[in-house]
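Examination of the molecular architecture
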Amino acid sequence: MATIVADVKTVTLTIDGRRVTVPEGTTILSAATLAGIAIPVLCHDERYDPVGVCRMCVVDAGSRVYAAACVRPCDDGMEVATASDSVERQRRTLTRLLMADQPAPAEDPKQTTTADNELHALAIRYGVLDERATPDGLPCGVPRPADGSSHVIAVDHSACIMCDRCIRACDDIQNNDVIGRTGKGHTAQIAFDLDDPMGESSCVSCGECVAACPTGALVNKPISAPIRPRTELKQVDSVCPYCGVGCALTFHVDEDRNKIAYAEGRESPGNQARLCVKGRYGFDYAQSPERLTVPLIRRKEAYPKGPLSADVRGEGRGRRKPGGLVDYAEVLPAFREASWDEALDLVGQKVRAIKDTHGADALAGFGSAKCSNEEAYLFQKLVRAGFGTNNVDHCTRLCHASSVAALLEGIGSGAVSTTYADIRNADVAILAGTNTTANHPVASSFFKEARRKGTTLIVVDPRRERVADHADIFCQIKPGTDVAFYNGVMHEVIRQGLVDQEYVAATTTGYEELATLVAAYAPERAGQIAGVDPELIRRVARAWGEAGAGIIFWGMGISQHTTGTDNARCLIALCAITGNVGRPGTGLHPLRGQNNVQGASDAGLIPMMYPDYQRVDNPAHQATFETAWGVPLSPTPGLTVTEIIGAALTKDVRGMYMLGENPFLSDPNVNKVRKALSALDFLVVQDIFLTETAEFADVVLPASSYLEKTGTFTNTDRRVQIGRPALEMPGQARLDWQIILEIARRVGLDMHYDSPADVFDEMVAVAPSYANLRYDNLGASGKLWPNPDPEHSDGTVVLFGDGFPTADGRAKLVPAEWLPADELPDQEYPFVLNTGRLLEHWHTGSMTRRSFALDAIAPRAQVYLHPQDAAELGLGDGDFAVVASRRGQIEIEVRHSHRETRGSCFIPFHFREAAANLLTNDKIDPFGKIPEFKFCAVKIAAASVTAA
Amino acid sequence: VSAGVEARAGRFAGPSLIPELVAIQAAHGWLPREELEALAIRTKRPLYEIQGLISFYPHFATEPPKPVKVAVCRDLSCWLRGGDAQMRTIAARYQADDDIDLHQVSCLGRCDIAPAAMVNARACAAVNVEGLVKRVRSKPLDHGVAGTGRRWPNDPYEDRADRYASLRAALGGELSGDAIVATLEESGLRGMGGAGFPTGRKWRLVAAEPSETKYVICNADESEVGTFKDREILADQPHLVLEGLLLGMVVTGAREGWLFIRHEYGPEADAFRAELERARGLGLVGTDVLGTGRDLLVDVFVSPGGYILGEETALLECMEGHRGEPRNKPPYPGTYGLWGKPTLMNNVETLADIPVILRRGAAWWQAQGTNGCAGLKFIGVSGNVEKPGVYCVPLGTSIRDLIATAGGPLDGKETAAVQPGGASSNFLGQADLDTPLDFTALTDAGSMLGSGAVIVMTEGTDLLAAATNVLRFFRNESCGKCVPCRAGTDKAVTILEAVLASGGGIADVDGSIAELEEAMRLTSICGLGQVALGPVMSVIKLARSDGAG
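Residues numbered from 1 in each chain as written. Chains lettered and ligands numbered in written order. Predicted model: local features only at pLDDT ≥ 70, side-chain atom pairs only at ≥ 80, totals over all residues. Heavy atoms only, no water.

Let's shift gears to the overall build of chain B. Across its full length, chain B carries 22 helices and 13 strands. Taking 24 Å as the expected radius of gyration for a compact globule of 549 residues, we find that chain B reaches 23 Å, a close match to that expectation. Projected onto the principal axes, the alpha-carbon positions of chain B cover approximately 70 × 60 × 55 Å. Here chain B holds 549 residues, and the buried ones make up 60% of them. Restricting the contact set of chain B to residue pairs at least 6 apart, pairs at least 24 apart contribute 71%. With an accessible surface of roughly 19,500 Å², chain B has 50% of that area assigned to carbon and sulfur atoms. Taken as two groups, the 54 positive and 68 negative side-chain charges of chain B have centres that lie 3 Å from each other. (Helix = DSSP H or I, 4+ residues; strand = E, 2+ residues; numbered from the N terminus. Rg over C-alpha atoms; globule rule 2.2 N^0.38 Å. Buried < 20%, exposed > 50% of the residue type's maximum accessible area, 1.4 Å probe, protein only. Contact = heavy atoms within 4.5 Å. Areas by Shrake-Rupley, 256 points an atom, 1.4 Å probe, with all protein chains shown as cover. Lys, Arg positive; Asp, Glu negative; His and termini not counted. Charge placed at Lys NZ, Arg CZ, Asp CG, Glu CD.)

The secondary structure content of chain A amounts to 30 helices and 40 strands. Whereas a compact globule of 948 residues would reach a radius of gyration of roughly 30 Å, chain A reaches 29 Å, a difference of no more than 12%. Taken along the three principal axes of its C-alpha coordinates, chain A extends 90 × 65 × 65 Å. Considering only contacts in chain A between residues 6 or more positions apart, those separated by 24 or more positions represent 73%. Where the 95 positive side-chain charges of chain A centre and where its 120 negative ones centre are 2 Å apart.

This next bit is on the sheet that holds strand β29 (residues 711–714) of chain A. Residues and elements named next belong to chain A. The strand order across the open sheet formed by three strands is β29-β30-β31, and the pairing between neighbours is antiparallel. A strand with exactly one partner marks an edge of an open sheet, and here the two such strands are β29 and β31 (783–784). In terms of strand pairing, β29 meets strand β30 (residues 719–723) through four bridges, oriented antiparallel. The partner of Gly-711 across the bridge, within β30, is Gly-723. On top of the sheet, helix α10 (residues 373–387) reaches β29 and β30; it is set at about 95 degrees to β29, its chief contact. (Pairing = 2+ DSSP bridges. Axes fitted to C-alpha atoms, helices over the stretch in contact; angles between N-to-C directions.)

This brings us to the interface of chain A and chain B. Every contact between the two is made by 60 residues of chain A and, on the other side, 55 residues of chain B. With both sides pooled, the region where chain A packs onto chain B buries about 4,700 Å², and carbon together with sulfur makes up 57% of that total. Linking chain A with chain B are six salt bridges. Measuring nitrogen to oxygen at the nearest pair gives 2.6 Å for the salt bridge that ties Arg96(A) to Glu515(B). Linking chain A with chain B are 27 residue pairs in polar contact (both at pLDDT 80 or more). Taken together, the elements giving at least two residues each to the side of chain A that touches chain B come down to α2 (85–99), α4 (165–173) and β8 (179–182) of chain A. Among the elements that make up the side of chain A that touches chain B, the one with the highest residue count is α2(A) (nine residues). Looking at the side of chain A that touches chain B residue by residue, the classes come out as 25 nonpolar, 14 polar and 21 charged. (Buried area = accessible area lost by both parts, 1.4 Å probe. Salt bridge = Lys/Arg side-chain N within 4 Å of Asp/Glu carboxyl O. Polar contact = N/O pair within 3.5 Å; in protein donor to acceptor, adjacent residues only side chain to side chain. Nonpolar A, V, L, I, M, F, W, Y, C, P; charged D, E, K, R; others polar.)

Let us now look at unusual backbone geometry. Put simply, Trp785(A) and Pro786(A) share a cis peptide bond, and its omega is -10 degrees. Take Pro786(A): it is sitting in the loop between β31 and β32 (811–812). Cis geometry is found at the peptide bond from Lys329(B) to Pro330(B), where omega equals -5 degrees. Structurally, Pro330(B) can be placed in the loop between α13 (312–319) and β8 (343–347). Look at Lys929(A): it is not a glycine, yet its phi comes out positive at around 60 degrees.

In this section: the environment of Asp178(B). All names here are of chain B. Tracing the backbone shows Asp-178 in helix α8 (residues 177–187). Under the relative-accessibility criterion, Asp-178 is labelled exposed at 57%. With 55 residues separating them along the chain, Asp-178 and Ala-123 place their C-alpha atoms 43 Å apart.

Bringing the packing of aromatic side chains into the picture now. All names here are of chain A. Taken as a whole and judged by the stated rule, the model has 23 aromatic pairs over all chains. Geometrically, the ring pair formed by Tyr-610 and Phe-625 is stacked, given 4.5 Å between the ring centres and 25 degrees between the ring planes. In this pair, Tyr-610 is assigned in strand β24 (residues 609–610) and Phe-625 in helix α23 (residues 619–629), connecting sequence segments 15 residues apart. Comparing Tyr-610 with Phe-625 shows no difference in burial state: the two are buried. Members of the aromatic cluster, connected to one another through ring pairs, are Tyr-377, Tyr-610, Phe-625 and Trp-629. (Phe/Tyr/Trp six-rings, centres within 6.5 Å; stacked < 30°, edge-to-face > 60°.)

Here we come to the pattern of salt bridges. Side chains bearing opposite charge may pair, as long as their charged atoms lie close to each other. Residues and elements named next belong to chain A. If you walk through the whole model with that rule in mind, you get 96 salt bridges over all chains. Linking Lys-929 and Glu-643 is a salt bridge whose minimum nitrogen-to-oxygen distance equals 3.2 Å. With Lys-929 in the loop between β38 (921–924) and β39 (931–932) and Glu-643 in helix α24 (residues 641–649), the pair connects residues that are 286 residues apart, well separated along the chain. Between Arg-774 and Asp-776 there is a salt bridge whose closest N-O contact spans 2.9 Å. Note on Arg-774: relative accessible area 37%, which makes it partly exposed.

What follows covers the sheet that holds strand β13 (residues 453–458) of chain B. All names here are of chain B. Overall, mixed pairing links the five strands, which are arranged β10-β9-β13-β11-β12 in an open sheet. Two strands lie at the open edges of the sheet, namely β10 (389–394) and β12 (428–429), each paired on one side alone. Against the sheet, helix α10 (residues 229–236) contacts β9 (376–383) and β10, and its axis sits at roughly 125 degrees relative to β9.

A few words on the environment of Gly29(B). All names here are of chain B. Tracing the chain through its elements places Gly-29 in the loop between α1 (18–28) and α2 (33–43). It is 29 Å that separates the C-alpha atoms of Gly-29 and Cys-218, two residues lying 189 residues apart in sequence. Beyond its immediate sequence surroundings of up to four residues, Gly-29 is in contact with Ile-24 and Pro-65.

Residues and elements named next belong to chain A. Ranked by internal contacts, the top residues of the largest apolar core, which has 207 residues, are Leu-218 and Phe-251. Top element by residues in this core is α10. It accounts for eight residues. Those residues in contact with Phe-251 that lie beyond four places of it in its chain are Lys-234, Gln-235, Val-236, Ser-238, Ile-260, Tyr-262, Ala-263, Phe-283, Leu-707 and Ala-726. (Core = buried A, V, L, I, M, F, W, Y, C linked by side-chain atoms within 4.5 Å.)

What follows is about the packing of α4(A) against helix α14 (residues 441–452) of chain A. Residues and elements named next belong to chain A. One way to put it is that α4 packs onto α14 with a least axis distance of 9 Å and a crossing angle of 90 degrees. Here α4 lies roughly perpendicular to α14, going by the angle between them. For the pair formed by α4 and α14, the contact residues are Asp-171, Asp-172 and Ile-173 on the first element and Ser-445, Glu-449 and Arg-452 on the second. Within the contact of α4 with α14, the residues separate by chemical class into one nonpolar, one polar and four charged. (Parallel < 35°, antiparallel > 145°, perpendicular 65-115°, else oblique.)

The subject of this paragraph is the pairing of strand β34 (residues 862–865) of chain A. Residue and element names in this part refer to chain A. Burial along β34 is two-sided: the face carrying Gln-862 and Tyr-864 and the face carrying Val-863 and Leu-865 are both buried. Relative to strand β36 (residues 889–896), β34 runs parallel, the two sharing four bridges. What sits directly across from Tyr-864, in β36, is Arg-895. Summarising the sheet, β34 and strand β37 (residues 904–908) pair through two bridges and their orientation is antiparallel.

Let us look at the side chain of Gln594(A). Residue and element names in this part refer to chain A. Residue placement: Gln-594 occurs in the loop between β23 (587–590) and α22 (597–602). When its relative accessible area of 5% is taken as the criterion, Gln-594 is described as buried. Here the side chain of Gln-594 touches Trp-842 through a polar contact of 3.0 Å, side chain to side chain. Reaching out from Gln-594, the side chain makes a polar contact with the side chain of His-843 at a distance of 2.9 Å.

Attention now goes to the packing of α2(A) against helix α3 (residues 118–125) of chain A. Residues and elements named next belong to chain A. Direction vectors running N to C along α2 and α3 enclose 130 degrees, while the axes themselves pass 10 Å from each other. Taken together, α2 and α3 sit at an angle that is classed as oblique. Seen from above, α2 lies across α3 with left-handed handedness. Listed contacts from α3 to Glu-88, Arg-91, Thr-95, Leu-98 and Met-99 of α2 are Leu-119, His-120, Leu-122, Ala-123 and Arg-125. By residue class, the composition of the contact of α2 with α3 is five nonpolar, two polar and three charged. (Left-handed = near helix turned anticlockwise from the far one by under 90°.)

Let's shift gears to α2(A). In a regular helix each residue adds 1.5 Å, so 15 residues correspond to 21 Å; α2(A) covers 21 Å between its end C-alpha atoms and thus fits that length. Buried residues dominate α2(A), accounting for eleven of its 15 residues. Looking at α2(A), one finds that the buried residues are Ser86(A), Val87(A), Gln90(A), Arg91(A), Thr93(A), Leu94(A), Thr95(A), Arg96(A), Leu97(A), Leu98(A) and Met99(A). Next to the buried residues of α2(A) lie β3 (58–59) and α3 of chain A together with α19 (483–501) and α20 (511–523) of chain B. (Expected span 1.5 Å × (residues − 1).)

This part is about the side chain of Ser205(A). All names here are of chain A. With respect to the helices and strands, Ser-205 occurs in the loop between β9 (189–192) and α5 (208–212). With relative accessibility at 7%, the residue Ser-205 sits in the buried group. Residues contacting Ser-205, with those up to four places away along its chain left out, are Val-152, Val-277, Tyr-281 and Ile-857.

Next comes the structure, spelled out in structure tokens:
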């Protein structure tokens, strides 16, 4: 029988007397490892390509000089001695050379914290740990400086052995390209950017260099507890609580202090042990002294309801106050402490009263994409089966509702068609309206890596974000012109004959209509609308159309427009007409924002859908759930987030239950939200902190933080992973799923579960996509849905290889005409305001602004302006400006940024003292009902100079 | 990345940033931060890559320069001629002068006028610094003009019109690549840069590589202490160097050839460029040379500075726009060279020898040697001799005879020791002075022919101080890539300077130097670290054998 293996050229060599046969090109180190022979290394790590600079792995391969085993390929007939007396003698000398300049062992930054200094281990092996204290030791060199400028990483150049591991970690793993060597010879050292202090450099504090460093040169600074050796800490394997990338990590928990000492990335098919600044350093928010620990009931004197703090009343001055967030001293006096029974009874009583008086549809609930699948499932079940209404929604409405609308319409499924790491199989990738380096940092590391390995990266965005620096083609389109741009690209794909006719004929409908519409979008016209060179559109079309495999990733830049659904329709059509679906390296991937936005949607936290996207107005689906839950259900699709706010103003909605949502800061046109929340008859807020929204609450329930509970979370890839408790809850705080059950009991819905796993099993039973998944088969790194065989398979990466889950099995191509944004700039409001997130912060900042490190790195609200625009406005870097729209105004610090387009500005929406959403437009997309966060008209002027 | 090819570790794909940096420096006189940041944005390259380059190459300045820059050589050939005292004199003269940036530098390749110095771009004897400083204050000073006007015995072309005869024959098909390689092999020519690899074999290996793209590089980065022969060859016989380079391109099938030259050799680069233009005028350089349809494109790459770039893989890294850190080998440049393509790299003298051998024949070449050796050899003689300079002598001439040719030891003293092959060669004592200057004989004597530089030390020279001076050169010029060289040279300098400062001698050198020498020799990535402590060990050995004898 012929074998392919026979074609692989091999070489045979002898290592320490053992004959070893390996494929040609294998390094001596790998061959030795195969033979069970350990060779000491310092600069090598199998995750990186070798550099051979520490020379610790030298072996005698019969040449005049020794060879570094990590980088030297095996030759046929080679005789290798890995541990001869001479080889060991040289290793000892090399260790002495390094130890001579190291800090004393008792002061070593690594040995005194995690106690795993790899150089010390070698020094002990060679008996030279005390080189510096030995009278005939080698002379110590000129002391090198320490750099304490980073908030999270301590740099000690004297402990650096120049192994280049941090350089490769920064470049090759995270692709951030910050660290290099500076100087030459004995004066060389590592440097950040132009030899800047680390904290002032372009370092994004991902901590990959710390994870890579074998010595005390780069170590984590303590966040909330001292960093101690692993053996003294408890290891909890969990998942990062922040974004949809869902990085697997391990918390090292100091049980005595009930604090996390530090976090490390964990191997997973997803993040491959990588983390970003939030995952690695943003875990201390749960220990904030501001945690809610007792149920609270609004005092009688605090009625009629209204905002309690100056910021929420809109009287903030944009300047940071001590503490930054909700001023407890301003807000707490309006509440009194209550027992759980009193608070829960009040909730039950009020909910029943509103339902009895005004009907079930006068009630509504906002769940959260920060909560687990189990919590989301129970919450929507409570609202539907307990309250009796479909008025249940969550923040997906504010992020990907339009994407999901377009996806469900076009291909019958709202989930990603493939994983983010599948970009490695793509010839071309388009990143459309996604600031991935800030919002999905670990996913972006895979994008940048793919680009380095040959994938053509096309970035289309009005802002030149960091990922644009890695793009082969960067199209800096005008805000709100996506439809015109992609129609132009499709026009060219068609004109250049790059349509996959066979695929179009077999698996799509509506091609003719699409072709007719895009015929009117020649690159000249599309380019004029989008503000880009027509040639650029032709290049994109050619690169995309000629690619064997093309993939599109998109974010809020696509979805958060009044044309968000149309934007996504264009991307779907672009993929479909070129046959870029259903194969490795192809597909559609709307990058999910929240850690569980996919799961919360899957679990039915959507007003028109039961779990797994089964429509509430479909009688068959209604029957299914009535049977499963044992109660009659409303066939009327509920209201969305933005519609509920509107309905509160008109008193159509009177009572609300908010679980972990803070619409005051996250929703558009905050002034309107303020009026709506004030108008509610009853509001119960369940959260871990007093949020801006809680100022309007009648009852506040102290919940459990992510770090204190068990639950499954579904990431942007459809990977279902288990989050595990690392910490004890404070005070009387309770687990969220149990609070939901308590409220359910009080509104007459009896639900009984023993554990989150129990809830998960019920959800899986009614959500066919999750079939076969169970807590006990999710494994260490979770499983993708769908998954026919979780015991043996990671799950299905690429969907739609054999058609689409639509009625006819075909993708529906939906042509879209370009429409301008709702509120265009004019003489009075000449600038376009774009909003979004910063790398360091999460949404309304309730977690990240209470994280010591994240808050320290990004402490202030700033408006990002092109330096020339700023100059014309007379605004220097660091000056204060007033930014005003037709809906409100804020005072905010100015930051010059070459990444903005002229005529546009950017404000992150995390900061209550300068809330971007006071300015944004609440006009919504007609299909996805998503507001236009990415576009409104503002004016900018210097703030009057007053004492800060 | 296939095994054996290292990680990029900070080396970015894409065009070299060095020309952009050179342009910024030319425009501003230095590298302002804003310009560097703008460059990073424009080229989408990380700031740290720029920092890595500008901190590695001495050509780049990150502060505005002073109007006058005075550099005084501190290395062995100059040290032997009173360099330290000259430096002190100049420093005292200008200590209050804010317009002058005075510093010591590594060997300038002007050991014939030692102690040597530079005033701005002009090389000079240190004694002439004051005069040049005066001049430069009134009008700009260029780097001067190369050439001694000497006619050398090797040149096969009596008549200028005959030049490039072998190249024409090769292009015309009368002289095949195989025949050229065969002649080179027959001649026994070996590389004149230091390693002595057989030239014919190198050419054959590169010619046999299947790659469509290949490069030929003439290594004119002559920077080893005491070495300056290539400078004079380039100055006086650029036509031979260029013909050798073009022949290499024809034989290996390369379209692009480069002269990589140290930046202090401005006049010599001019001479080569002028010759390049002459050859272009003759239709021998450029596209479609002599109507053969073949392109022979040649350009000059001026080194941004540093001895280490003479190491062939460091040179390649520099040309690719990276820090000049030698690669782990194998692979060697012949298979994996510039931009990963097969690359033929030869020293200036080696290339200049090739038209000589092809024109005059392998037998003639062999007959030029003496003491059983083949060919002619250019050797720079410096240090304590009456007439330092470059001499073209039969290979195999004894050290003693060469010193006599150079006017004999300075001031009629006895020769105490020599370094027969540049800074990295082991010292030989009086007992070895009759050793022929030849690859084998010098190796047998415990040293090497090396870079064609004989440094002479007369009686009274503190050999430990001399060897420490050499070690300090290696410490200063180490790229710092690998641990043994980076840390080893530094520790060894510290140890030996302490011995010298305390008035100690060879007897006071403890075992740590031998331990470091062994580790550096066996584990360093490149020759610099491998030999850095060799000269020190050789003076220790000389002293011990003298003591024993």
